[in-house]
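# Breakdown of the fold
Here is what each chain is made of, one letter per residue.
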Number of protein chains: 4
Amino acid sequence: MIERYSLSPMKELWTEAAQYARWLEVELAVVEVFEETGDAPQGSAAVMRAKAVIDPDEIRRIEMETDHDVIAFIKSVTSRMGDEARYFHKGLTSSDVVDTAWSLAMKRAGELVLAEVDRMIEALRGLALRHKDTITVGRTHGMHAEPTSFGLKALSWLAEAERNRERVARATDGIAHGKISGAVGNYAHIPPQLEERVLAKLGLKPSKVSTQVVPRDHHAEWVSALALLGAGIERLATEVRHLQRTEVGEAMEPFRSGQRGSSAMPHKRNPILCERLCGLARLLRGHVATAYENIALWHERDISHSSADRVILPDAALAAHYMAQRTVGLVEGLVVDTERMRENFGASHNLVFSQRLLLALVDKGMSREEAYLLVQQRAMEAANSRRDFRALAGQDDRVRRLLAEDDLDRVFDGAAYLRHVGDVFQRFQLP
Amino acid sequence: MIERYSLSPMKELWTEAAQYARWLEVELAVVEVFEETGDAPQGSAAVMRAKAVIDPDEIRRIEMETDHDVIAFIKSVTSRMGDEARYFHKGLTSSDVVDTAWSLAMKRAGELVLAEVDRMIEALRGLALRHKDTITVGRTHGMHAEPTSFGLKALSWLAEAERNRERVARATDGIAHGKISGAVGNYAHIPPQLEERVLAKLGLKPSKVSTQVVPRDHHAEWVSALALLGAGIERLATEVRHLQRTEVGEAMEPFRSGQRGSSAMPHKRNPILCERLCGLARLLRGHVATAYENIALWHERDISHSSADRVILPDAALAAHYMAQRTVGLVEGLVVDTERMRENFGASHNLVFSQRLLLALVDKGMSREEAYLLVQQRAMEAANSRRDFRALAGQDDRVRRLLAEDDLDRVFDGAAYLRHVGDVFQRFQLP
Amino acid sequence: MIERYSLSPMKELWTEAAQYARWLEVELAVVEVFEETGDAPQGSAAVMRAKAVIDPDEIRRIEMETDHDVIAFIKSVTSRMGDEARYFHKGLTSSDVVDTAWSLAMKRAGELVLAEVDRMIEALRGLALRHKDTITVGRTHGMHAEPTSFGLKALSWLAEAERNRERVARATDGIAHGKISGAVGNYAHIPPQLEERVLAKLGLKPSKVSTQVVPRDHHAEWVSALALLGAGIERLATEVRHLQRTEVGEAMEPFRSGQRGSSAMPHKRNPILCERLCGLARLLRGHVATAYENIALWHERDISHSSADRVILPDAALAAHYMAQRTVGLVEGLVVDTERMRENFGASHNLVFSQRLLLALVDKGMSREEAYLLVQQRAMEAANSRRDFRALAGQDDRVRRLLAEDDLDRVFDGAAYLRHVGDVFQRFQLP
Amino acid sequence: MIERYSLSPMKELWTEAAQYARWLEVELAVVEVFEETGDAPQGSAAVMRAKAVIDPDEIRRIEMETDHDVIAFIKSVTSRMGDEARYFHKGLTSSDVVDTAWSLAMKRAGELVLAEVDRMIEALRGLALRHKDTITVGRTHGMHAEPTSFGLKALSWLAEAERNRERVARATDGIAHGKISGAVGNYAHIPPQLEERVLAKLGLKPSKVSTQVVPRDHHAEWVSALALLGAGIERLATEVRHLQRTEVGEAMEPFRSGQRGSSAMPHKRNPILCERLCGLARLLRGHVATAYENIALWHERDISHSSADRVILPDAALAAHYMAQRTVGLVEGLVVDTERMRENFGASHNLVFSQRLLLALVDKGMSREEAYLLVQQRAMEAANSRRDFRALAGQDDRVRRLLAEDDLDRVFDGAAYLRHVGDVFQRFQLP
């Protein structure tokens, strides 16, 4: 991932040095268990830890020769060790180390993402609460539909964020499985009991059955969950982009003092953060396809997944983390123009009450079909002539026969649309 | 593809019976060449054609037994033939027939799509011409940027349609290659000279080198090109969806008398066709990934592509054809509200002239940086207070020092933005 | 989905008539609750049910006129009803019906898939048990690695199937949410309490918060889960394709008597089912991208998802159902050639014991690096000259100094690789 | 893209500094034209070039403040300029610079990829020529089909490489369009004539019509073409992976002295390069979906494409370049074991001649159906009992009645399968 979208502390997780440190962590956890089982002298791991060298440049140099990164790592990291080096990587196959370390990294990355999602959820609760009673027009197909509460919109983002939190947590739990089961997953040189103890030290569980590697459906589910999180953020960001457009102007992403919208047009104030989030959601989606293709490895494993994993796993983590983190600021700093909301609502000539009028006519005994045609005709007339729909409909004889002026007052009453908003808030334990 | 998005004559191309008819077409073209080379008695093909039976139900029954569709086809189609049947499928491998027939179908399907794209291009030329001088506000990031011509928008769709026409034509030309090269592409039982004559009868060229099948990169390029066409239509449809939204109202897709926008809200008039086109563009994109995965077949072929091909090739053709066809109607029937365009343009307080003011100040010697800050400050003020930007800026001393009232007239002149529109039209040989 | 990959009872779920029947089911559930709340006369729903007509052709005709499928449905289905029709669709918006019916269909489709996955799991348990002690060579990178148990392979498919079962079940539970919350999700015309009762009748739960529609992340997760299931099946099918290849011949998919492998080459017996499953897995992956793009709808919904949903939701269900169902037969009928497995194992000149030799040398005090180079050199020699690795290594002085003949017997002992297989079986409660 | 898959000179193209250098290149080309048209004093561009500072760190710092990268760039790069700075970026909008610079970068990147593809094509021609007469068994469905020439396989990769070369060249030509058409593509502040001259200096053509940006279908086509190239390489790499597997052993990717195949199993020699290439092909495919989603920008542009572009455009270029470059070495160094090819061919009991036997029987008057069943029966018998098919078939009375021993010699003649290989080579102007 490019620097621009890499935020701390996520980006420190994906440096080369951090990766080798995790490899060492796995190797030493094995030696520690060897000590416990009497397969290595007491204190071996401690000595190794003290003498271990992590030097990515040297590892790269050795890899040039061996064409094998783990062998290069072992050679370099043990270069200052003495005889204890014989217990290093003993009985292990490269993937025991590499794949377990991937799981470690993804578990930790998942937790960093979740921390940002938690902040995002908190911010969304705040936004929902602040705007529980803010009336705004609901839109379907981009067209005014019926009035609603702006807080209800926020709740819908909140609910989606909660679902995505659960998906990411579950997928992170899924990837929190390592394997120390040898070259083909049959524990030929290391018994399952040792695997369990090693992984417990690392905060991981054993894969119920592994091949040479941890099964790739875990990784695919994880990328999938991050992409769903991304798509949820994209939905929110898309809404803000719509609300910010010149003609709508109901909400705006934060615009810092000193910020410039355009090198050419000084008047511009653009929803660039939201647009950026949408682009990153697309990137995440692309990685899903790749992750799914990585599942059907040949026999006990082929390594075709590896080149793709090296790119998409850090990238997906970094993109999702960036997106969640920036969404917190977006939601917290969202500039909501309730005045403009009211204005826009008013600008559609009361057409948004058409269903209430339809239902009122049906209640008074008109057939649904007749009522629909009547209301549609008057509504189109109002829209085309830009005249007030209530006034136009109120002049229709068939309406006047059935509805008195105070009936019409009840029909054209915006507050009626918000009367159940509190019920929905209660589902979130929100007042 | 579901019936709903399958239009004639494309859908007739993809029936089971049509597929078998193409298989027969290939088989008989071979027999005709056999006649020419003396490998079959004169008139064999004609007799076969007369006696051939195409009965999908029977073929399905036989396939249940043999688990091989071509064998079932041969058995069924030759069931009423006499001794001439011995020349039927002689020396051929199934894929000689099936894959050549795929190419035939895709070539014809490509031509049907191109015919609709041609109509789409015609419609777009018309739209561009009608609105060459229609002033409208150009928007970037969803925000008012600078004025432009609505016809220029149409030209940008036209140019993209032309490019996509070329891509589809090229990919269709690419897929117009068949193969009669036998089980592993080495012409073991049929010489290349025969292949050439057979394919010429079918309007196809020989694959320069084939395996058991025509290489799948052709199919992938074809699906790719259709998806690009779809994405271009999606761009146009997305624009209309934006222009139709209640607050903008500058253009609307056709709404037929009798049409209803919502079962609940009689006032609704929604851009449902445009939304539908966007959904189909997504479907096409999904098929691209599948088509690309079908390329790396094992050795001289494996048949893993087949189940996917059977779904995505007709689906992609039908979706693209539907989209292009419906876009013709969309463009021809587009309701453009030039009055509203002018209004919306006016509603942004003359902010769209900010760059012209900036440049005028720089021309008069102000530094770009100072001018930018001055203009940005006045613009934000105008936006926030909803006051006229020209008035506000005109009161600024630094502006007044440099620009007289008639300078400001020149700055705030909408016509200036259209002065090069004609140059762009000329690139399309449009007056 | 094409007929060829549509199996009962899944395909009956996706007919047009079945869809309208579900719409009716939702509409009548609302009327039933109206009866309970006194908003409709007792017995209304029963009368409606008796008089309801489901005539897809007529609906299509009316839709041609109204361009709105739900309105066409209402008009047609209520055409023989009397005054009770006034309670039909009362206070509802189209999406209350359509989207709740989608959820119903997907819930039922999910259950059908799960039933096949359960049978698949059962078949895999059987396969694993039958071959717990079947020794076979494990392969990584397509190359012989170390011996393993064929039953362990089956366990790895089983474990993945179990995980995918859980994912599909969870996603199906996720999609089992409906909504009767009106045009913009604010319960403007129908209270939440009514929604809850209606959905309970249908076996669904209310969406915690909906817009006009059930949030599309549920649908995306569902397609995702089906595609993961497909990818798991693809992994299994890919393995069988490898094992069946002429040079390996260790396992073969069932080949029915009467079946034919090739129209040209009578000797062919090809893994066509497995290849077909791989193709369908690609199709499913393509649909994931589409489903993810459907999430970020505009405001309270736009209908761009609809055209894509209409294609991918049934297609994904049908493909996954077909795949799982056919995999049952594949696993149950898999022809395993244990004799050939032993032979192939033997054919790699005992090279698969290289790690055991390496470890034995290290145990005797040789440094890992020296031992590695020694073993690698002898192994390459054996491979290149096709001579027995044990014999060659045994002649090496450095080996002879450290290992006696009975040490070598222990090193070159295939059974040692299976000693922990039982531990893994126990994790599945398998003997 | 991670360092591991970034090769020179491609990687130098995508550094931050190189990007800013391209921006400067575009800015100064404009000034040069200003000089020609008299809009800037002679020599301005030269002075600016001399005084321009490219300091990515400083630009980043300023961007932190302005949240606009081009404004930061301008401020930094002009910081040591004097009054001439007033002509820098004059009349331009950011995208004039940024998007034209993208085109420049992609054009150059495309050329670097093409150079590697040319070398790949050369290597494939060599491989094809060397193995024109190398007999090997052709395989379909992973099963022995009929004999063929190994050189013919190479030709099929060559043909695909040639097609992909053409696609990449065409897409690179497509992206070689820039735009200096202002904020909404209407040349409001800069005339088309100036654009043409500026772009000519840069080796680019003007977009026939642009919005604020170069239309994204060009970028999508380019990523698409690179992914097709990747898929073609994947097909080749997949074949090598198959041929290298232990049981086949017909070809191996180069294995350097000093290289190690496994940290645990010294005997391993794995096709890791080919596997890596397959993984990168998946990565490229994922980026295609993203690139397609970037097309449908809002109105005259939204910037949602930008974050995705910043990642996928360099990544796609780097991955494709790496793949093509490494494929050259793979093809040149491919270890072909013609001895093993002959052996494997012999190991399938002459079954590969089944079609020739079938055709010979039909030629002698047996019906196709009868001949098929006879041959299939004998072939299955030979396969199951691992006995020689010719011997078994030769004992069948029905065969003996029709075919003498020398007829059988002609049937079971491997050379017959290669007799048209020369014809195919001629299509490539290869001897």
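Residues numbered from 1 in each chain as written. Chains lettered and ligands numbered in written order. Predicted model: local features only at pLDDT ≥ 70, side-chain atom pairs only at ≥ 80, totals over all residues. Heavy atoms only, no water.

## A closer look at the interface of chain D and chain A
Listed by partner, the interface residues are 59 residues for chain D and 60 residues for chain A. Between chain D and chain A lies a buried interface of about 4900 Å² when both sides are counted; carbon and sulfur atoms form 51% of it. The largest share of the area that chain D buries against chain A comes from S263(D), R282(D) and W298(D), three residues that together contribute 14% of it. Here chain D and chain A share 7 salt bridges between them. With a shortest N-O distance of 2.8 Å, R4(A) and E63(D) are connected by a salt bridge. Here chain D and chain A share 22 residue pairs in polar contact (both at pLDDT 80 or more) between them. Contributing elements (two or more residues each) for the side of chain D that touches chain A: α4 (56–66), α5 (69–77), α9 (216–244), α10 (272–293) and α11 (304–333) of chain D. No other element matches the 13 residues that α10(D) contributes to the side of chain D that touches chain A. Among the residues making up the side of chain D that touches chain A, the classes are represented as 19 nonpolar, 23 polar and 17 charged. (Contact = heavy atoms within 4.5 Å. Buried area = accessible area lost by both parts, 1.4 Å probe. Salt bridge = Lys/Arg side-chain N within 4 Å of Asp/Glu carboxyl O. Polar contact = N/O pair within 3.5 Å; in protein donor to acceptor, adjacent residues only side chain to side chain. Helix = DSSP H or I, 4+ residues; strand = E, 2+ residues; numbered from the N terminus. Nonpolar A, V, L, I, M, F, W, Y, C, P; charged D, E, K, R; others polar.)

## Concerning the environment of S79(B)
Residue and element names in this part refer to chain B. By secondary structure assignment, the location of S79 is in the loop between α5 (69–77) and α6 (94–130). Judged by relative accessible area, which is 44%, S79 ranks as partly exposed. A C-alpha to C-alpha distance of 85 Å links S79 and V375, two positions 296 residues apart in sequence. Discounting chain neighbours no more than four positions away, the residues touching S79 are V53 and E58. A polar contact is formed between the side chain of S79 and the backbone oxygen of S76, at a distance of 2.7 Å. (Buried < 20%, exposed > 50% of the residue type's maximum accessible area, 1.4 Å probe, protein only.)

## Considering the confidence of the model for chain A
Confidence along chain A averages 95 in pLDDT terms, with 100% of residues attaining 70 or more. Scored by ipTM, the complex comes to 0.95, with pTM at 0.97. (pLDDT = per-residue confidence, 0-100.)

## A few points about the relation of the copies chain D and chain A
Once chain D is rotated about the relating axis by 180° and shifted along it by 0.0 Å, it coincides with chain A to within an RMSD of 0.0 Å. These values place the two chain copies in the arrangement generated by a two-fold rotation axis. Identified as the residue of chain D closest to the rotation axis by C-alpha distance is G286(D), at 2.1 Å. Taken together, the interface assignments show that 100% of the residues at the interface of chain D recur at the interface of chain A, consistent with an identical surface on both copies. (Least-squares fit on C-alpha atoms with pLDDT ≥ 70 in both.)

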